[in-house]
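Here's the letter readout for the chains.
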Amino acid sequence: MALRDLFQRLSQAPTNPHTAPVSRQFDVADLYRGPVSDTAATGTGGGLPLDEKLRQAYFWIVNTAIISPHYDVEYNTEPPRSFLLGDSKSRLTLPSSQSYSSFVLLPLLTFATRRKCLFIGGPGRGKTASALLMGVLGGYPVREVRRAMLHGHPQMTIADLLGNPLPADLVNAQDIKDIRIAWRGWLDMRVKIIDEYNRIPTRTQSALLTVMGDNYAEIMDHIHECPEAAWFLTANDDQGGGTYQVIEALRDRIDVVVQALAFNPRFLSDLVTRIEERIRPEEVVPKQIIFTETEIDRLQDEIRAVALPVQVRRRLEFFTSQFEFCEVAGEQFEYKTKDTARLAGVEWATLTARDTGRDKIKDLGCQTRNGLSVRALMTIIHYAKAIAYFRGNPEVELEDLRQILPFVLFDKLVQDVDAPFFESPGNTAFRSDRVGWLRRVFDLSCAEYDRLNLDRDDPVAQLASEFRVGLDGVGESEVASRLVKIERLITDWARGNKMYGHLYDDMLKLKYLHQRYTNYLRWLKSR
Amino acid sequence: MISAVFTAILKSGREEFNAQYALAKKQFPALEAESFSNFLQITLDPLVVKVHSTNPEAAVAVAQAGYEVGLELVAQRLVGAQARHPWIQRLWEEGLPVALTHVMAAPREVIGALSNAAHQLGTVPGARPQDWLGILTRLAPLAESPETFLKAGQVAAWRCGLAHYRESALSVADTLPPELALAALTMPETSNGYPASHAPDISTWPEIRQRLQDGRWTRGLGNNGRGHSNGRDPSTSRLIRRTGAFRGFGGLFPEPPRLVVAQDQLYVRSGNDGWLLTADAFGATFHRATPEELAAARPQIPQVPAGVEVPADIGPVTSVARLDHTVAITGALTHAVLLYAVPGHGGEDDAP
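Residues numbered from 1 in each chain as written. Chains lettered and ligands numbered in written order. Predicted model: local features only at pLDDT ≥ 70, side-chain atom pairs only at ≥ 80, totals over all residues. Heavy atoms only, no water.

J.: What exactly am I supposed to notice about the domain arrangement of chain A here?
T.: A common measure of how large an interface is: the accessible area buried when the components associate. Residues and elements named next belong to chain A. Splitting chain A by domain gives domain 1 (102-304), domain 2 (310-451) and domain 3 (459-526). Placing a centre on the C-alpha atoms of domain 1 and another on those of domain 2 gives a separation of 29 Å. When the two sides are added together, the surface that domain 1 and domain 2 hide from each other amounts to roughly 2,000 Å², 58% of it contributed by carbon and sulfur. Our count for the domain 1 to domain 2 interface comes out at 2 salt bridges. Two residues, Arg 375 and Asp 252, come together in a salt bridge whose shortest N-O distance is 2.3 Å. For the interface between domain 1 and domain 2, the tally reads 9 residue pairs in polar contact (both at pLDDT 80 or more). Contributions of two or more residues to the side of domain 1 that touches domain 2 are made by helix H3 (102-113), strand S3 (116-120), helix H9 (248-253), strand S11 (256-259) and helix H11 (293-304). The element contributing the most residues to the side of domain 1 that touches domain 2 is H3, with 7 residues. Of the residues contributing to the side of domain 1 that touches domain 2, the split by class is 10 nonpolar, 4 polar and 9 charged. (Domains from an automatic or database assignment. Buried area = accessible area lost by both parts, 1.4 Å probe. Salt bridge = Lys/Arg side-chain N within 4 Å of Asp/Glu carboxyl O. Polar contact = N/O pair within 3.5 Å; in protein donor to acceptor, adjacent residues only side chain to side chain. Helix = DSSP H or I, 4+ residues; strand = E, 2+ residues; numbered from the N terminus. Nonpolar A, V, L, I, M, F, W, Y, C, P; charged D, E, K, R; others polar.)

Below you can see the structure in the form of structure tokens.
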């Protein structure tokens, strides 16, 4: 470059970058927005961004349809005011940011992501009414939603559930293919509601499982494909009580569990008004908050596009790795899991008696009888993205994860109620308060993550990211050096450290990396 | 006394109407049964009767929409005897009956949207809701559908003082038939003094559109869109408007304002507050400025540009802001901002 050119070169980047305020723009469409809701500009709500429409739906339900909302999904922008009340020092927190009622928010997120939500709680607490509202939000007339709702009962047959072969065809058909089936109408609904699902007989539950899990129904070799739908189920007892035991696979298909909390009699006057005026909220849902099928499709796409930052994902990985490891369950390293012991039918008490040497209060894995399934993890990610989207954020925050996690893992992470943790002062209530327990476990996991300084010093993550770059052009000496690095790390960790769940998973990841490098090195040498 | 037609409609949908009232009462505890009853009788009933006499089948939908919108308006004291301003009431009494075709075609959308617009025009200082209602009555028979009618109403709102909608309203005007666009921008006869026979010729629309685009201070449309020469020296900036007032007299400013500029926009500071000022030939509006906007705004040297005559009554000039098309000046003895049209931006014509 000539000296002259050097002097003439200008910086291509801003020399002192500042965020310039954007010049304010006005839209004449705002002329028709004001004190009267539902303007011409929004029409049926089609002009609104979908996250805004979702929030409007939430606030309409909370402010109008539900009489006494409980704000149990708490967000804070600054430290909240909290008070200790009573002999047991119960903590009442006044959140400093917009907080939500799980009984409304979780069903709404289920509606938006087309997943499966179970309402639990005593009779007459609004479980069915909330499910009905979701059907109406899906664009169905109230009457149609009511008619399509399945009511579980002890005599329910597969025909009651799915449909009947036409009697005339049963008599005249020469081939089973000729028998036409009158499928039940609910199968084609985009919002499916099953009331008191734990009263359905076990055999019929299995047929329901196929519809829930694989989205199709089958009778006499005839298949009926169902549209993608949001599912809402209700049960008076989530422990599988009711008339029939709920089969485990069916319970596992349910993505979130929401408890209908008790009615606060301070809101009795609202109840009186509702009786006097004969108001049924599901009959007066504003049309602006009703979603079309296309809008729900778009909602799903937009929710999926919400980013899950690495820092948040790592916290979830760390939390998950606490639970599956069980040192005494197997001899081979890979089989040292609670699932190995469960499959072998080993008694839990025997297993825990053999598991010695670890701090059973500090080790979070000692609080549960199982680990997390891939399905549960996928559900957590879906709902974390959905709640971030609902809050208008482009990416998931750690608090989103913290808030959503208890509702997903409610009946997926099984407590070991005999674990020493629950004997500690202040922890006994967690035996019955599973939402509070799961939140506490997540907080403890995050505290441990911080103590280990894993955001800054995570050698396994470094090795993994090095591997993710790819092996193209990596020479023998480099591979050998990486293998040494892995072995050295395992040696360091093996020295004196007790095994905990997260270390176990790290070891398995290191073994995976070691194996991939070993195979690659072998291939390099064979060329 | 409510008409038999409306009584029958209310009776047939009694449960739903009652449920709506109860829900509104929950949302707006201040909603009074008596006020709402008066609204039904005095405001909604005549509209329903008029619709019924034109098209009996449309009466139920109009009654339902009117009831729904009315609940929100009465609850917020925007119609009736206790209304904070008369313009929504006037709209229901004067505007909606002449736009009956559109009201019947899309009752909820038209009634809701126009009520909101009337509220906005009635609450923005300096806007002219009376003129807007006048233009609406002319637009109604010209518009083919509720959508075009509402779009034309947006353009008319800009014409009647909502200067901040200038760019957006011009874009909307482009989507309208020329006849409707011109009607939306032409003041009613009683307001601007032009005889009806001088209504703009639609062939002049492209020229007028261009002049509106080029000149922020262009306002002459009555004479087929052509401006008037008044023999003024074309190189001088003309004082077009004094806007803003002392808070004690119903204005915004607690003390004489000062001008600053950011992002090619005018901002006004007074006391600890700040506003964005948008102005053109049709009006001037203030909008609360954000702290970020105010932080980015900078004062200009308070030197009065050549060709600008400053009236003596404003006292010593305290701030000057100059944009491509506008010069703004404040003085020590006034709470108003003086707005001058820079030559070449349309301030030369006399038409109002």
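J.: What should I look at first to understand the interface of chain A and chain B in this one?
T.: Across the contact, 29 residues belong to chain A and 43 residues belong to chain B. Both faces combined, the contact of chain A with chain B buries some 3,200 Å², and carbon together with sulfur accounts for 60% of it. At the junction of chain A with chain B, the criterion picks out 1 salt bridge. For the pair chain A and chain B, the number of links is 14 residue pairs in polar contact (both at pLDDT 80 or more). Every element with two or more residues in the side of chain A that touches chain B is listed here: helix H2 (50-65) and helix H10 (268-277) of chain A. Counting residues per element, the side of chain A that touches chain B draws most heavily on H10 of chain A, which supplies 3 residues. Across the side of chain A that touches chain B, the residue classes tally to 12 nonpolar, 8 polar and 9 charged. (Contact = heavy atoms within 4.5 Å.)

J.: Quick question: what am I supposed to make of the sheet that holds strand S1 (residues 238-243) of chain B here?
T.: Backbone-to-backbone hydrogen bonds pair the strands of a sheet. The strands run either parallel or antiparallel. Residues and elements named next belong to chain B. As summarised here, the arrangement of the 4 strands in space is S1-S8-S7-S6, forming an open sheet in which the pairing is antiparallel. Two strands close off the open sheet at either side, each with one partner strand: S1 and strand S6 (317-322). Taking each pair of neighbouring strands and ignoring which way they run, the sheet shows an average axis angle of 25°. (Pairing = 2+ DSSP bridges. Axes fitted to C-alpha atoms, helices over the stretch in contact; angles between N-to-C directions.)

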